[in-house]
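Observations on the model geometry
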Amino acid sequence: MSSEPEYRPGLEDVPAAKSAVSFIDGKRARLEYRGIPVEVLARESCFEETSWLLLKGELPTQRQLAEFDHGLRTRRRLHFRLKDLIRCMPADGHPMDALQASVSALGMYAPTRAVNNQAANWDATLKLIAALPTLVAAFSRVRRGEEILDPRSDLDHAANFYYMLFEKEPTTAVRKVLDAALITHAEHTMNASTFTARVTGSSLASPYAVIASAIGTLSGPLHGGANEEALAQLEQIGGPENVKPWLDAKLAADPKFKVMGLGHRVYKVKDPRANVIQELAEHVFAETSRPKNYETALELERVCAGIYGAKGVYPNVDFYSGVVYHSLGIPTDLFTPIFAISRVVGWLAHWTEQLVGNRIFRPEQVFVGKTDVPYVPLEKRP
Ligand code: ACO
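In this numbering scheme, every chain counts its residues from 1 along its sequence in written order. Only residues with pLDDT of at least 70 get local features here, since the model is predicted, and only at 80 or more are side-chain atom pairs given and counted; chain-wide, interface and lining totals rely on the full set of residues.

**What to know about the UniProt feature "active site" (unreviewed entry) in the protein**
Defined as follows: UniProt positions are given in the numbering used here, feature names are shortened, and annotations may be inferred rather than shown by experiment. Here a helix means four or more residues in a row that DSSP labels H or I, a strand means two or more in a row labelled E, and each is numbered from the N terminus. Once C-beta atoms are placed from the backbone, each residue is buried if 20 or more other C-beta atoms lie within 10 Å of its own, exposed if 12 or fewer, and partly exposed for counts between those two. Once C-beta atoms are placed from the backbone, any two residues with those atoms within 7 Å are in contact.
Under the UniProt annotation, the feature "active site" (unreviewed entry) is placed at His 264 and Asp 318. Their sequence span is 55 residues, while the largest C-alpha to C-alpha distance among them is just 10.4 Å; these annotated residues converge on one region. With respect to the element layout, His 264 can be found in the loop between α12 (243-253) and α13 (272-287). As for its position among the elements, Asp 318 is in helix α15 (residues 318-327). Overall, Asp 318 belongs to the buried group, with 26 C-beta atoms counted inside 10 Å. Discounting chain neighbours no more than four positions away, the residues touching Asp 318 are Ala 226, Asn 227, Ala 230 and Gly 261.

Structure follows, in C-alpha cells:
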C-alpha cells in the first residue's frame, strides 16, 4: 500500500489555514464577515467600517472608526515619482498589470520592509487600502490622456474613488452602490488570491509584495475576470426578447454551454452578494432608467432558473456587478481592479492572521518524473 498522501488538484477541499475572517454556508446563501451577514453590512455599514471589522475582528467604536477613516484619508496621495512611473506605463497595458507594478513600487516608498513591527504593519495596511483607488484611477486617467487627480480628503473612500476617476462627485445612490460593491467583494474565505496572499506572507515578505502577488492571481480570467465576460454576454444577447433564442442556439451547439455569471463552487442558491448588488442597482436605475443590459439580465435569470435551478446553478456576484459598473460609465477592464480595491482588505486580514504563529508554506508534491538519469555530454548528443 502506498504511503503517499492523496493528491487533490487545486487543493480542492484541503484546508490551507485556520481562519476566523469569514464564513460561507453555500446552501443557505450565507456569507458572514466576522459573524455578520454581508447583506446587513451592505445595508447598514460602510466600506471603512467593514474594513475595520475584517481586519480587527469586531466592529469599531466611534473613536476607532474616526481614527481609521482619518488614517485612510491621509494616506491616499501618491509620491510624485510614483505618478511619473504610472505616466510612463503603456496606455494599452492592462490596468491589473499597472496596479500590480504600482503596488510593488509603492512598497519602495514605505518606511520599512520589516514585518515583525506591528506599527509598520498597520501603517502598510492603511496605506495599501487607501492608495489602491488612487493607483487605479491614476492609470485610468493617464491612458485617456487626462491629468492624474489628487484625492479629496473631504470625500469617503467610495466617493473619492469615483471623483478621482471622473472628476465629479457621485450621486447618493451611485456612492451607495459603489460602497456596497466594495463591501460585498471585500472577503470570501480561502479563494486563490487569498491563498496567494497567505503563501507570500508566510515567507515574511513585505505587505506590498503580499498584495502585489495576490493582485497577480486575481488578474486571471478564472478568478477576477468573470464579471467582464458576464457583461460581454449580455451585450451579445442584445435585449430581453433575444434571451430564449440565444440560449436555445447555444445549447443546441453545446449542451454543456456555461452561462457567464451563473453557478458557484460553494453557493447552490442565488449568491447573497448578487441580491445586494441587484437591490442597490435598482436605486441607481431609478435615477436614470433601467439599461437594456439589466433588462436582459433579468430575463436571462428567469429563463435560466427554469433550466438550471434544479442543479443549484443561480446568479453569482458577477451576474449583476458588471451591468452596474457599466451603467456608471466604468470601463470594462477596470472591473477587476475595482475588485482588488475591495479585496485588498480581505487579503490584509488573512495576512495579519497568517503572521500569528506563522509557518512558511511548504506543501508536498507527488513526483512523477524520472530519477538517476545519466548526463550525456553535448558532443555525444544528436
Ligand atoms: N451555466 C450552465 N450550466 C452550469 C453553469 C453555468 N454557468 N455552471 C454550472 N453548470 C452546470 C454544469 O454544466 C454541471 O452540469 P452537469 O451536472 O449536468 O454536468 C453542473 O452545473 C455543475 O457544474 P460544475 O462545473 O461542476 O460546477 P463547479 O462548482 O465546478 O463550477 C463555476 C463553478 C466554475 C463557477 C461554474 O459555475 C462556471 O463556470 N460558471 C460560469 C463562470 C462564472 O460565472 N464564474 C464566476 C464565479 S464567481 C467568482 O469567481 C467571483
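Moving on from the model shown.
**What to know about the environment of Gly 10**
Looking at the secondary structure, you find Gly 10 in the segment before β1 (22-25). A count of 8 C-beta atoms within 10 Å places Gly 10 in the exposed class. When the C-alpha positions of Gly 10 and Ala 192 are compared, they lie 9.2 Å apart, and in sequence the two are 182 residues distant.

**Regarding helix α16 (residues 335-355)**
Residues separated by three or four positions in an α-helix point in the same direction, a consequence of the helix having 3.6 residues per turn. Using the following cut-off: Expected span of a helix, by definition, is 1.5 Å for each gap between consecutive residues, and there is one gap fewer than residues. To get the bend at a residue, fit one axis to the 7 residues ending there and another to the 7 starting there, then take the angle between the axes.
Between its first and last C-alpha, α16 extends 30 Å over 21 residues, near the 30 Å set by a 1.5 Å rise per residue. Of all bends in α16, the biggest is about 40 degrees, found at Ser 342. In the stretch just after α16, Gly 357 is the one whose phi turns positive, near 65 degrees.

**Re the site of the ligand**
Test applied: The criterion for a residue being near a molecule or strand is simple: its C-beta atom, placed using the backbone, must lie within 6 Å of it. Under this grouping Gly is polar, as are all residues other than the nonpolar Ala, Val, Leu, Ile, Met, Phe, Trp, Tyr, Cys and Pro and the charged Asp, Glu, Lys and Arg.
Surrounding the ligand, one finds 16 residues, the nearest of these being Ala 226, Val 259, Leu 262, Gly 263 and Arg 265. Its residues placed into classes, the shell around the ligand shows 7 nonpolar, 4 polar and 5 charged.

**Points about the nonpolar core**
Defined as follows: To define a nonpolar core, we join buried Ala, Val, Leu, Ile, Met, Phe, Trp, Tyr and Cys residues through C-beta atoms within 7 Å and take the resulting set.
Ile 211, Ile 277 and Val 344 are the most contacted members of the largest nonpolar core, which totals 95 residues. Looking at this core element by element, the count peaks at 12 residues for helix α6 (residues 118-143). When near neighbours in sequence (up to four residues on either side) are disregarded, Val 344 contacts Leu 128, Ile 129, Leu 132 and Ile 211.

**Points about unusual backbone geometry**
Phi is positive for Asp 13, close to 65 degrees, though the residue is something other than glycine. With respect to the secondary-structure elements, Asp 13 resides in the segment before β1. The phi dihedral of Leu 204 is positive, around 65 degrees, even though this residue is not glycine. Relative to the elements of secondary structure, Leu 204 occurs in the loop between α9 (192-202) and α10 (207-218).

**What about the environment of Gly 239?**
Locating Gly 239 in the fold gives a position in the loop between α11 (226-237) and α12. A residue is classified by how many C-beta atoms lie within 10 Å of it, and Gly 239, with 13 of them, is partly exposed. Distance from Gly 239 to Asn 293, taken between C-alpha atoms, is 6.8 Å for residues 54 residues apart in sequence.

**Topic: α9**
α9 sits mainly inside the fold: 8 of its 11 residues count as buried. For α9, the set of buried residues is Ser 193, Thr 194, Thr 196, Ala 197, Arg 198, Val 199, Thr 200 and Gly 201. Remark: Leu 204 follows α9 within two positions and exhibits a positive phi of approximately 65 degrees.

**Let's talk about the sheet that holds strand β2 (residues 30-33)**
The cut-off we apply is this: Any two strands with at least two DSSP-identified bridges between them are counted as paired.
One open sheet accounts for 3 strands, arranged β1-β2-β3; its pairing is antiparallel. Two strands lie at the open edges of the sheet, namely β1 and β3 (36-37), each paired on one side alone. One ladder, built from 2 bridges, connects β2 with β3; its direction is antiparallel. Of the residues in β3, the one forming a bridge with Tyr 33 is Ile 36.

**Considerations on the domain arrangement of the protein**
Note the following rule: Domain limits in this description derive from either an automatic procedure or a database domain assignment.
You can read the domains of the protein as domain 1 (20-221 + 335-355) and domain 2 (226-327). Using C-alpha coordinates to define each centre, domain 1 is positioned 27 Å away from domain 2. The interface of domain 1 with domain 2 comprises 19 residues on the first partner and 22 residues on the second. Mapped by element, the contributors of at least two residues to the side of domain 1 that touches domain 2 are β2, α1 (38-44), α8 (172-184) and α16. The element contributing the most residues to the side of domain 1 that touches domain 2 is α8, with 7 residues. Each residue belonging to the side of domain 1 that touches domain 2 can be placed in one class, and the counts come to 12 nonpolar, 3 polar and 4 charged.

**Focus on the packing of helix α2 (residues 47-56) against helix α3 (residues 62-73)**
Convention followed: Angles here are taken between N-to-C directions and fall from 0 to 180 degrees, while the axes themselves are lines fitted to C-alpha atoms, restricted in helices to the stretch in contact. Oblique is the label for every angle not falling under 35 degrees (roughly parallel), over 145 degrees (roughly antiparallel), or within 65 to 115 degrees (roughly perpendicular).
Direction vectors running N to C along α2 and α3 enclose 105 degrees, while the axes themselves pass 10 Å from each other. When the interaxial angle is binned, α2 and α3 end up roughly perpendicular. Within the contact between the two elements, α2 uses Glu 48, Glu 49 and Trp 52 and α3 uses Gln 64, Leu 65, Phe 68, Asp 69 and Leu 72. Counted by class, the contact of α2 with α3 contains 4 nonpolar, 1 polar and 3 charged residues.

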